[in-house]
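Secondary and tertiary structure notes
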Amino acid sequence: MSFDRVREPVWIDDPSIDAAEFQRVRMDELRLNQATRVAEMLYPLIIRYQSPQSRRPLTVLDVSSGNGDIAVRWAVKAAHDRRAIQITTADTNQHAIDEQQRLAERARVEVKSVRLECFQSPLPTGFDVVVSTMLMHRLDDSQAFRLLQSMQGSAQQAIIVCDFRRSRLNCALYNVASRLLARSAVCRHDAVARIHSSFSEREISRIARSALARPVRVRSVLPCYFILVADEAVQTEMVPAFA
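A few points about the packing of helix α2 (residues 38-47) against helix α3 (residues 69-81)
- Here α2 crosses α3 at 55 degrees, and the two axes come no closer than 9 Å. Between α2 and α3, the angle is such that the two are oblique. Classified by chirality, the crossing of α3 by α2 is right-handed. Two secondary-structure elements touch here, α2 through Val 38, Ala 39, Glu 40, Leu 42, Tyr 43 and Ile 46 and α3 through Ile 70, Arg 73, Trp 74, Lys 77, Ala 78 and Asp 81.
- Class assignment of the residues belonging to the contact of α2 with α3 gives a composition of eight nonpolar, no polar and four charged.

Now the structure itself:
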């Protein structure tokens, strides 16, 4: 059972948070992501766009990557599978950019990091697949609409969106998980706030169809997420639906 969306600020966005606390929160988020296996869930969806006949690497852009643990895990799995994949992460926070590179260096993989505010600058173009993980819940309808259009302009093959799915059960489950795995009060607060702020599958599907003017597929996945994929050719001209 779901409930009305209530957008709540996440404490991690507070600019007064110092680097040490920011690092603690990101490590808590890493543990939560590992426990819910987000990277492993998305990796097969990404690599299916790599043609066996192509000699060039599959290029992937991860938008608003946070500490980059999901993208780094993709790079590790690709290296293990001997797949040629070039991953670029983008985030507005320099602490996050620095952590992305630390994680990549520790894992002995290469990930390119770009500092970028996706609502003030256009996304870089020319990527095969553009991915957004755990970002949509921070946006209002208009921002989600514009981000999806920007992702479409950046992607040559597909866009993939993964985020929390709003429901009472998911709220309870993620709250328990955060209290078991997170040491930071900021992370424990933000875990519940993110579920409250999330879209339902119907809501994100409506926004995506309007923004992209193409078919989209949305499905729920355990434990508490939805995945949206758009990879069909655009058939009609896009008309802005939000001011």
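A look at the sheet that holds strand β3 (residues 112-115)
- Spatial strand order, β3-β2-β1-β4-β5-β7-β6: seven strands in an open sheet with mixed pairing. The sheet is open, and its two borders are formed by β3 and β6 (217-221), each paired with just one other strand. Direction aside, the axes of adjacent strands within the sheet are offset by 20 degrees on average.
- Here six bridges tie strand β5 (residues 155-164) to strand β7 (residues 225-230), and the two strands are oriented antiparallel to one another. Residue Phe 164 lies in a different strand from β7, and its bridge partner there is Tyr 225.

Digging into α2
- Among the ten residues of α2, nine are classified as buried, and the element is accordingly described as predominantly covered.
- Three or more residues of α2 are buried, namely Val 38, Ala 39, Glu 40, Met 41, Leu 42, Tyr 43, Leu 45, Ile 46 and Ile 47.

Reading the values: the criteria
- Residues numbered from 1 in each chain as written.
- Predicted model: local features only at pLDDT ≥ 70, side-chain atom pairs only at ≥ 80, totals over all residues.
- Heavy atoms only, no water.
- Axes fitted to C-alpha atoms, helices over the stretch in contact; angles between N-to-C directions.
- Helix = DSSP H or I, 4+ residues; strand = E, 2+ residues; numbered from the N terminus.
- Parallel < 35°, antiparallel > 145°, perpendicular 65-115°, else oblique.
- Left-handed = near helix turned anticlockwise from the far one by under 90°.
- Contact = heavy atoms within 4.5 Å.
- Nonpolar A, V, L, I, M, F, W, Y, C, P; charged D, E, K, R; others polar.
- Pairing = 2+ DSSP bridges.
- Buried < 20%, exposed > 50% of the residue type's maximum accessible area, 1.4 Å probe, protein only.

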